[in-house]
Amino acid sequence: MDRLTGIKRFAGVLIGGALLLLSTGAISETAVTKGSKAAGLDACVAPTAVMRRDHMDYLKHDRDMTVRKGVRDTQYSLSECVECHAEKDDAGAYKPVNAEGQFCSSCHNYVAVSLSCFQCHRKTPESTAGSGTAMKQEGSFSTDSLGLLQSLGNPVSLSRDELVRLHATVKGD
Amino acid sequence: MSCSNDQPDMNRREFLGKSVVAATAAVVAPGVMLTVANAASDEGASSAVRWGLLIDTNKCADGCSACVDACNKENGIDLMQRPTGQSDEMWNAQRPQWVRKVKLRDKQTGEISNLPMMCQHCEHPPCVDVCPTGASFKRADGIVMVDRHTCIGCRYCMMACPYKARSFIHQDVAEQLTGTPRGKGCVESCNLCAGRIDAGHSTTACQDACNKDGHQAILFGDLKNPDSAIAKALKAESSHQIRADLELNTGVRYTNI
Amino acid sequence: MIKTQYRELYCSSPRYWGGLASLAFIILVGLGAAFHMEHNGHFVTGMSNQIVWGLPHVFAIFLIVAASGALNVASIGSVFGGPMYKPLGRFSGLLAIGLLAGGLVVLLLDLGRPDRLIVAMTTYNFKSIFAWNIILYTGFFTIVGLYLWTMMDRKFEQYKRPVGFAAFFWRIALTTGTGSIFGFLVAREAYDAAIMAPMFIIMSFSYGLAFFIITLISAYWWAGRTIGDLRLAKLKNLLGVFVGAVLYFALVYHLTNLYVTQHHGVERFILLDGGVYTNMFWIGQVLIGGIIPLFLLYSPAFTTSRFAIMVASLLVLIGGFFQVYVIVIGGQAYPMNLFPGKEVLTSSFFDGVVASYTPTIAEALLGIAGIAVSMTLVAIGSRMLRVLPESLEDPADGECI
């Protein structure tokens, strides 16, 4: 084995460090696209680190809940991903989340994992004027009551959005 | 309790307030929290109900296709584009048709009847029996449907279905509705507007369309609930299952054929 | 008794490599056709929601059925103790594996989602006869592979009989399963019959043996080795029996159907006025696949003619292909009778109408590529393994008769 000279060792350390920097940069940099609903939110339905690692399992679990058991208000739903993460273009139309550089594809391309959801699933949020009525039930809750333990007669009322974020906060950090 | 998130929060203060309460609640009374979590989740399809349709063929009008059009719109079938250069005949043979209108004449008496045909939502569906991966399945509430995530496109269910109720997607699909995913290479069929029903609606799109046109030939409801309109109607007059000889106990019944 | 010497197929290079290259070319074209179908979707094929299984399935089922039949020669040799068949056992096993692989390739490449093969292999619905078939196919590869091993390795010769028995029962199960894919379809009048399973077994005997005879003669011609007349005569007579049995089963199947008033429509369709399907049945299945081969096999004029045996085997295969076509496509083309006593005046979904099916060139290319895959595997296998005896000359003392 050749002994490394000082300059070579230094170069090696430098390159290694640069790689390290690059990789951490890639991890910590936000993938959320500007102009999407998600950009204005504090967290996803679970802490970002958890979502990054486990979103596929969550989605798979809840897709079975929805398709097989008919449970529609699961915490993790692909249509919510699309709803929140789709970015609008200058004309105000949504860009498909699996388009080049968009939220889903930017990461999936980076890690070279094929993204098969959108072979069948819709890639943009549905305009409310759309024809179908399914899965458009947004609960109308009153937001004024805060106390979870307030009274038995008056059950907790939080909007779906808030509940989801509560979930995230309680579960995560 | 700080989130290491990269997005600024607009109503952070309000949110923090709520989270403190929530966190306290979580620590103090996990049981209560659990109840809250459960309250937010619906039960899903229940075996206490069995969804079905009753179709009065006397009321089904000749030449009317309101139910078919409504179904196509509800399930995004109308968003599909005919491949360029495809003949009318091939397009009709290859495009998905969840519901179709059929006009019949009795060979002996000459009596004419009209009716919509769709998935009959059998209690013992042959398509479910033959599916190699279990993608074709029956929900607890009796709705027979396809789980596209495990469908491999072998079309054995289409061979097995006595009603020709299933359609294979023969082409790429550019646009879908959120509630009805659709893509090349899988099989699909009428799901009794499962998404609508789960969202709390009490009618299917075809029934709404039929009522709107003033025919009222389609009645959707719970076959297991003796007080439902469909159960009462079934009790009051004689109805038929198509291919009753197969003893599949269909969820879709017809009167006056 | 002279000990049989097995040796790898070794031909002069241009002949072997040329043959292999042309097979590879056919496979390449077939893969292109499959890509064309999968990339565009099945709308580029003649298949539709009316004819859901088309030409690729005819090829696939034909090859799968023939595969289990090709193993028969080995079974006769080691299970039923036919000494004349014993030297042919190894090649028979190799051919069975090759044909099954070819058929499965076609079946797989025709799926709507072939990329989900892993789903098909990991998610099972055990009530589905199709799922059972997936297990039967993979099991067949394993068992026949082991069988080949016990036949080729002296150390394991003691296991040859038990493994041979297992392979024999497995192949019966496999063809029963393939036949039941249709036999269990209550919905369609042409299929709903328990006789489908035994009929498929008999069909497999006939097609498998025909395939075996053709490939065996070709391989020996390719390698310049000799086959004795006596051995060929044995195979030929056996083929005759099987061809007759297939005709008999077809007769019983149609007679049973003719007795049931409900099935008169579909019988009339296949036997009398089904147009292309009627022609395929009478000319293809009965005449080409049955009567002419029987004549060629049993006529005293052709007792020792190898050409006649080759032609007869080829005709059995062609007739068998038509038979599977009539079963698969003809059975679907005949409309399902949803409303007994009624005639359908209008329907946007072809209710009550004979469905039309025009296969496209892509489907045919994919199917032919399946046959090429089988033949390539056999060619490579017999080049690499010692499956073919050095000589198949008839034993001098006639001890085996």
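A few points on the structure. (Residues numbered from 1 in each chain as written. Chains lettered and ligands numbered in written order. Predicted model: local features only at pLDDT ≥ 70, side-chain atom pairs only at ≥ 80, totals over all residues. Heavy atoms only, no water.)

On to the interface of chain B and chain C, then. Contact with chain B, which involves 60 residues of that partner, is made by 57 residues of chain C. Around 5,000 Å² of area is buried between chain B and chain C when both sides are counted, 56% of it from carbon and sulfur atoms. If you sort the residues of chain B by the area they bury against chain C, B:Tyr156, B:Met159 and B:Lys164 come out on top, with a joint share of 16%. At the junction of chain B with chain C, the criterion picks out six salt bridges. Across the chain B-chain C interface, the total number found is 38 residue pairs in polar contact (both at pLDDT 80 or more). It is strand E2 (residues 99–106) of chain B that provides the largest number of residues to the side of chain B that touches chain C, a total of seven residues. Its residues assigned to classes, the side of chain B that touches chain C comprises 28 nonpolar, 14 polar and 18 charged. Here E2(B) runs beside strand E2 (residues 342–347) of chain C; their pairing, made up of five bridges, is antiparallel. By the bridge assignment for E2(C), B:Leu104 is matched with C:Val344. (Contact = heavy atoms within 4.5 Å. Buried area = accessible area lost by both parts, 1.4 Å probe. Salt bridge = Lys/Arg side-chain N within 4 Å of Asp/Glu carboxyl O. Polar contact = N/O pair within 3.5 Å; in protein donor to acceptor, adjacent residues only side chain to side chain. Helix = DSSP H or I, 4+ residues; strand = E, 2+ residues; numbered from the N terminus. Nonpolar A, V, L, I, M, F, W, Y, C, P; charged D, E, K, R; others polar. Pairing = 2+ DSSP bridges.)

Now for the packing of helix H3 (residues 66–74) of chain B against helix H8 (residues 205–212) of chain B. Residues and elements named next belong to chain B. Relative to each other, H3 and H8 sit at 140 degrees, their axes nearing to 8 Å. Considered as vectors, H3 and H8 are oriented oblique to each other. Considering the relative orientation of H3 and H8, their crossing is right-handed. Between H3, through Ala 66, Cys 67, Ala 70 and Glu 74, and H8, the contact on the second element is made entirely by Ala 205, Cys 206 and Ala 209. (Axes fitted to C-alpha atoms, helices over the stretch in contact; angles between N-to-C directions. Parallel < 35°, antiparallel > 145°, perpendicular 65-115°, else oblique. Left-handed = near helix turned anticlockwise from the far one by under 90°.)

Moving on to the sheet that holds strand E9 (residues 252–255) of chain B. Residue and element names in this part refer to chain B. With mixed pairing, three strands are arranged side by side in an open sheet as E8-E1-E9. On the outer flanks of this sheet lie strand E8 (218–222) and E9, each paired with one strand and no other. Each strand of the sheet is rotated relative to its neighbour by a mean of 20 degrees, with strand direction disregarded. Pairing of strand E1 (residues 51–56) with E9 involves four bridges; the strand directions are parallel. Its bridge partner lying in E9, Leu 54 is registered against Arg 253.

This model, assessed by the stated rule, comprises 30 salt bridges over all chains. Of the charged contacts in the structure, one is a salt bridge between C:Asp351 and B:Arg100, with a shortest N-O distance of 2.6 Å. Within this pair, whereas C:Asp351 is found in the loop between E2 and helix H13 (361–384), its partner B:Arg100 is found in strand E2, the two belonging to separate chains. Considered together, C:Asp351 and B:Arg100 belong to a single accessibility category, that of buried residues. One salt bridge connects C:Lys342 with B:Glu111, and the closest N-O pair in it is separated by 3.5 Å. Taken as a pair, C:Lys342 in strand E2 and B:Glu111 in the loop between E2 and strand E3 (112–118) lie in two separate chains rather than in one. Take C:Lys342: its relative accessible area is 12%, and that puts it in the buried class. Among the residues examined, B:Glu111 registers a relative accessible area of 36% and is labelled partly exposed. One network of salt bridges, in which partners are shared, links A:Arg72, B:Arg139, B:Asp141 and B:Asp198. (Buried < 20%, exposed > 50% of the residue type's maximum accessible area, 1.4 Å probe, protein only.)

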